[in-house]
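Geometric and topological summary
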Amino acid sequence: MKRTRLSLIIAAAALALALGSCTEGPVGIFASVAAETDINKWATDEFKGTSPNFVAKAGSTYYAGVGGLWKRNIGDSSWTTVNVSLPSLGTGNYAAVSGITIGSTMYVLFADADTKAKLGIYSSTNGSTWTEVDVATAVITKNELSHLMTDGNDLFAVTAQVTETDGEKITKHSVYRSIGGAAFAALDGTSLVNADIGLPTSIVNDGGTYYLSAGEYIVTGTAGSMTVTNPATTSAFGSAVIVNGLVFFTGRDGKIYNDDASVASGVFSDYNDRDYSFGIPVVVSTGNPTTQTTLLVPSRAYPQGSERDQGLGYLEFDATGFGTTSAAIADTSRRVSTLNNYFITLDGKSVKQFIVFTEGDARRLYALTDGDGLWMNFFDGGTPGSWTGWRRE
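Bear in mind that the values here come from a model prediction, so they are computed numbers and not experimental data. (Residues numbered from 1 in each chain as written. Predicted model: local features only at pLDDT ≥ 70, side-chain atom pairs only at ≥ 80, totals over all residues. Heavy atoms only, no water.)

This part covers the overall build of the protein chain. Helices and strands together make up the secondary structure of the protein chain, namely three helices and 28 strands. Of all 393 residues assigned to the protein chain, the portion counted as buried reaches 50%. Approximately 16,400 Å² of the protein chain is accessible, and the part contributed by carbon and sulfur atoms is 50%. (Helix = DSSP H or I, 4+ residues; strand = E, 2+ residues; numbered from the N terminus. Buried < 20%, exposed > 50% of the residue type's maximum accessible area, 1.4 Å probe, protein only. Areas by Shrake-Rupley, 256 points an atom, 1.4 Å probe, with all protein chains shown as cover.)

Next comes the structure, spelled out in structure tokens:
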């Protein structure tokens, strides 16, 4: 499979576009212009050039943190702003800093858009009525709240404590857990309170064992007994992910590691002509898990705003039997995008995270970028079904 990766094929498509005739076709000039018009037809002007913080869902409505809070009902063609009114604070100019979905409830970390002061974590099932989640202020300082995570069941809050010594700023992080909306408590009162680790970006739960990525560190274990490890790698980690019951870590060095980061994916030696740096991936299943399950791995520019000379965009892998030694590029039947659609949409963009939502048999997939707005791809739920292709929101 050497040099059969998606981005290489897309490079060939780019060449065909540059050299081909001006006729309608899969990579012809007119086809690309028509597709570009289609993907931007209903784009929300305020989203252009932004770095969305999150997408969450409550009921049949999607919500996005792009500066403030925005919403889009299933079936709507565009997004509208949400007039947020928080208990005891009323209506105000609120920034939607971070958000996640658990079941039918979304959780959002709000801040004052003018002062940047963090206001707390609030839950809602309809985007209108909000309830503050008890952050146990004796334990958590609201203004230190950084972002939210979930393992699919529980809510986790990450804090960042910044101190300065002799002109040097030092940031330490803590991880707190809320079960069923109860007050937060430290996931581990010893190893994960003001810990000298990078920013925890994701958490997964494999049978009661947690796995977190935190900069150059990984954190593993059970609640109250977490172990911080600094593996002998050359770079920091992007995210933890579970693929078919196995835990992996994406790396900012363009590799994927096993659950203790001791083994890197050798298959990525085939991609080293581009300098990948992986973000937060997602596993997408649209039917038969043995034939229609795909791992999408985003490639992100680190740090945000750095020169984009890396292999940006994303890679699609066959998630069935995925491993550090058996990773294989997804065949065309699994891919969520055609080559032409990918080429004129997310290729070359810094994609920090994918998020997928289920709508019956259908799937709605979002890509959050650094500075290039919010993108969506929709699977219609048919048999075998098809994807619309990426479109700018």
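Turning our eyes to something else, we now look at the pairing of strand S13 (residues 168-178). The sheet contact formed by strand S12 (residues 155-165) and S13 spans 11 bridges and is antiparallel. The residue of S13 that forms the bridge with Gln161 is Lys172. With antiparallel pairing between neighbouring strands as the criterion, S12 and S13 make up a hairpin whose turn holds two residues, including Asp166 at a positive phi of roughly 55°. Judged from the two bridges that link them, S13 and strand S14 (residues 185-186) form a sheet pairing that is antiparallel. Bridging from a neighbouring strand, Tyr176 pairs with Ala186 of S14. Linking two consecutive strands that pair antiparallel, namely S13 and S14, is a turn of six residues; a positive phi of about 60° is found at Gly180 within it. (Pairing = 2+ DSSP bridges.)

What follows deals with the nonpolar core. Leu69, Val84, Leu86, Met106, Val108, Phe110 and Trp130 are the most contacted members of the largest nonpolar core, which has 16 residues in total. Sorting the residues of this core by element identifies strand S1 (54-58), strand S7 (94-102), strand S8 (105-112) and strand S9 (118-124) as the ones contributing at least two each. Apart from the residues within four sequence positions on either side, Val108 is in contact with Phe54, Ala96, Ser98, Gly99, Gly120, Ile121, Tyr122, Trp130 and Leu148. Formed by 15 residues, the second largest nonpolar core is a distinct cluster that contains Val336, Leu346, Val351 and Trp375. (Core = buried A, V, L, I, M, F, W, Y, C linked by side-chain atoms within 4.5 Å. Contact = heavy atoms within 4.5 Å.)

What follows concerns the sheet that holds S7. Taken in spatial order, the four strands of this open sheet run S7-S8-S9-S10, and their pairing is antiparallel. Sheet topology places S7 and strand S10 (131-132) at the edges, where each strand pairs with a single neighbour. Relative to S9, S8 runs antiparallel, the two being bridged by six bridges. Bridge pairing in S9 places Tyr107 opposite Ser123.

A few words on unusual backbone geometry. In terms of backbone geometry, most residues other than glycine have negative phi values and most peptide bonds are trans. A cis amide bond, omega 5°, links Thr383 with the succeeding residue Pro384. Position of Pro384 among the secondary structure elements: in the loop between strand S27 (374-379) and strand S28 (391-392). Phi at Asn244 takes a positive value of approximately 50°, unusual for a residue other than glycine. Its location among the elements puts Asn244 in the loop between strand S19 (237-243) and strand S20 (246-251).

Here we come to the layout of surface pockets. Gaps left between atoms are located by rolling a probe of water-molecule size over the structure's atoms. Of the voids in this model, the largest pocket is the one considered here, and its volume is about 1,400 Å³. Ile100, Thr201, Ile280, Gln353 and Ile355 are the residues nearest the centre of the largest pocket, which is lined by 46 residues in total. Here the lining of the largest pocket is composed, by residue class, of 23 nonpolar, 18 polar and five charged. (1 Å grid on protein atoms, 1.4 Å probe; cavity = no way out; pocket = protein on both sides within 12 Å on 5 of 7 lines; lining within 4 Å. Points joined across faces, edges and corners; volume = space filled by probe spheres on them. Nonpolar A, V, L, I, M, F, W, Y, C, P; charged D, E, K, R; others polar.)

On to the pairing of strand S17 (residues 217-222), then. Two elements, strand S16 (residues 209-214) and S17, share five bridges in a ladder whose sense is antiparallel. In the sheet register, Ala214 faces S17, and the bridge partner there is Tyr217. Remark: two residues form the turn of the hairpin made by S16 and S17, two consecutive strands paired antiparallel; Gly215 in that turn has positive phi of roughly 65°. Remark: two residues form the turn of the hairpin made by S17 and strand S18 (residues 225-229), two consecutive strands paired antiparallel; Gly224 in that turn has positive phi of roughly 85°.

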